[in-house]
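Listed below are the residues making up each chain.
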Amino acid sequence: MAPRYWLFKSEPSAFSLDDLKASPGGVAPWDGVRNYQARNLLRDEVKVGDGVLFYHSSTDPVGVVGIAEVVRDGYPDPTAWDPESDHPDPKSTPDNPRWYMVDVRYVRHFARTVTLAELKAAPALKDMKVVQRGMRLSIQPVTAREWAAVLGLAEGGRRAIGESALGR
DNA sequence: GCCAACGTTGGC
DNA sequence: GCCAACGTTGGC
């Protein structure tokens, strides 16, 4: 099965790409997702080896700052039943988990942020989920074509596509 | 800080 | 099952 691509949103004040890079082995769980549509993707669709566009929201500028890679398939998010966590949900229990997460590994920062404004301005990305009006989903599917186009915007001058890890 | 868009809750 | 009220997201 060919790897797929995703866009993961995070507020950098909560968890940034730098935070992922600084995690042990560059690996961290993508916990705290509390939306059913995003949960279903994490539980059923996001798989080891998939590429992740790391998107910073609610900052200036908003946009894609780099890439990560999925290193563990979906599994129950234990922060849901931790009352001390940032997103406790007493309706989720170890016996009957409601929320799921995957583990991701840092790959690299782009040389610069590819801003939402740039994504919106790129004709090749006009159908990309993140540029659609009212699109709040925090885990979004990205096509191979969109993935390549975003990397092209970030690093096009450096022939990055196909050249390095996840540069496919 | 504003507010549009969307998701969830809960009364009925 | 409807839908109003409310809460959250997230760009601007």
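What you are looking at is a predicted structure, and each value in this text was computed from that prediction instead of being measured.

**Let's talk about unusual backbone geometry**
Okay, step 1: That bond from Asp 60 to Pro 61 is cis: its omega, -5 degrees, falls within 30 degrees of zero.
Okay, step 2: Note that Pro 61 resides in the loop between β3 (51-56) and β4 (63-76).
Okay, step 3: With phi around 50 degrees, Ser 58 is a residue other than glycine that occupies positive phi space.
Okay, step 4: Mapped onto the elements of the fold, Ser 58 is located in the loop between β3 and β4.

**Here's the deal with the packing of aromatic side chains**
Okay, step 1: Counted by the stated rule, this structure contains 6 aromatic pairs.
Okay, step 2: Ring geometry for Phe 8 versus Trp 30: centroids 5.0 Å apart, planes at 55 degrees, classification tilted. Here Phe 8 is found in strand β1 (residues 5-10), whereas its partner Trp 30 is found in the loop between β2 (27-29) and α2 (36-44), with 22 residues between them in sequence. Comparing Phe 8 with Trp 30 shows no difference in burial state: the two are buried.
Okay, step 3: In textbook terms, an aromatic cluster arises when at least three aromatic residues are bridged by ring pairs, as seen for Phe 8, Phe 15, Trp 30 and Phe 54.

**Things to note about the protein's contact with DNA strand B**
Okay, step 1: Around DNA strand B sit Tyr 36, Gln 37, Arg 133, Gly 134 and Arg 136, and that is every residue in its neighbourhood.
Okay, step 2: Counting only the atoms of DNA strand B within 4 Å of the protein, the fraction contributed by sugar and phosphate is 76%.
Okay, step 3: Interatomic distance of 2.7 Å between a side-chain N/O atom of Arg 136 and a base oxygen of DNA strand B.

**Brief notes about the layout of surface pockets**
Okay, step 1: Taken as a whole, the largest pocket holds about 700 Å³ of empty space.
Okay, step 2: If you go around the largest pocket, you meet 21 residues; those closest to its centre are Lys 9, Asp 31, Gly 32, Val 33 and His 87.
Okay, step 3: Residues of the lining of the largest pocket, tallied by class, amount to 6 nonpolar, 9 polar and 6 charged.

**A few points about the protein's contact with DNA strand C**
Okay, step 1: Around DNA strand C, the structure places Lys 9, Tyr 55, Ser 57, Ser 58, Val 62, Leu 116, Lys 120 and Arg 136.
Okay, step 2: When atoms of DNA strand C within 4 Å of the protein are split into backbone and base, the sugar-phosphate part holds 80%.
Okay, step 3: Lys 9 is positioned such that a nitrogen or oxygen atom in its side chain is 2.9 Å from a phosphate oxygen of DNA strand C.
Okay, step 4: Backbone polar atom of Ser 58 to a phosphate oxygen of DNA strand C: 3.0 Å apart, as the coordinates give it.
Okay, step 5: Of the residues assigned to the surface near DNA strand C, the class counts are 3 nonpolar, 2 polar and 3 charged.

**Observations concerning the sheet that holds strand β6 (residues 139-142)**
Okay, step 1: With mixed pairing, the 6 strands of this open sheet are ordered in space as β2-β5-β4-β3-β1-β6. Single-partner strands in this sheet number two, and they are β2 and β6. If you compare each strand with its neighbour and ignore which way they point, the axes differ by 35 degrees on average.
Okay, step 2: Relative to strand β5 (residues 100-115), β4 runs antiparallel, the two being bridged by 10 bridges. From the neighbouring strand, Glu 69 faces β5, where its bridge partner is Arg 105.

Calculation notes
Residues numbered from 1 in each chain as written. Chains lettered and ligands numbered in written order. Predicted model: local features only at pLDDT ≥ 70, side-chain atom pairs only at ≥ 80, totals over all residues. Heavy atoms only, no water. Helix = DSSP H or I, 4+ residues; strand = E, 2+ residues; numbered from the N terminus. Phe/Tyr/Trp six-rings, centres within 6.5 Å; stacked < 30°, edge-to-face > 60°. Buried < 20%, exposed > 50% of the residue type's maximum accessible area, 1.4 Å probe, protein only. Near = heavy atom within 4 Å. Polar contact = N/O pair within 3.5 Å; in protein donor to acceptor, adjacent residues only side chain to side chain. 1 Å grid on protein atoms, 1.4 Å probe; cavity = no way out; pocket = protein on both sides within 12 Å on 5 of 7 lines; lining within 4 Å. Points joined across faces, edges and corners; volume = space filled by probe spheres on them. Nonpolar A, V, L, I, M, F, W, Y, C, P; charged D, E, K, R; others polar. Pairing = 2+ DSSP bridges. Axes fitted to C-alpha atoms, helices over the stretch in contact; angles between N-to-C directions.

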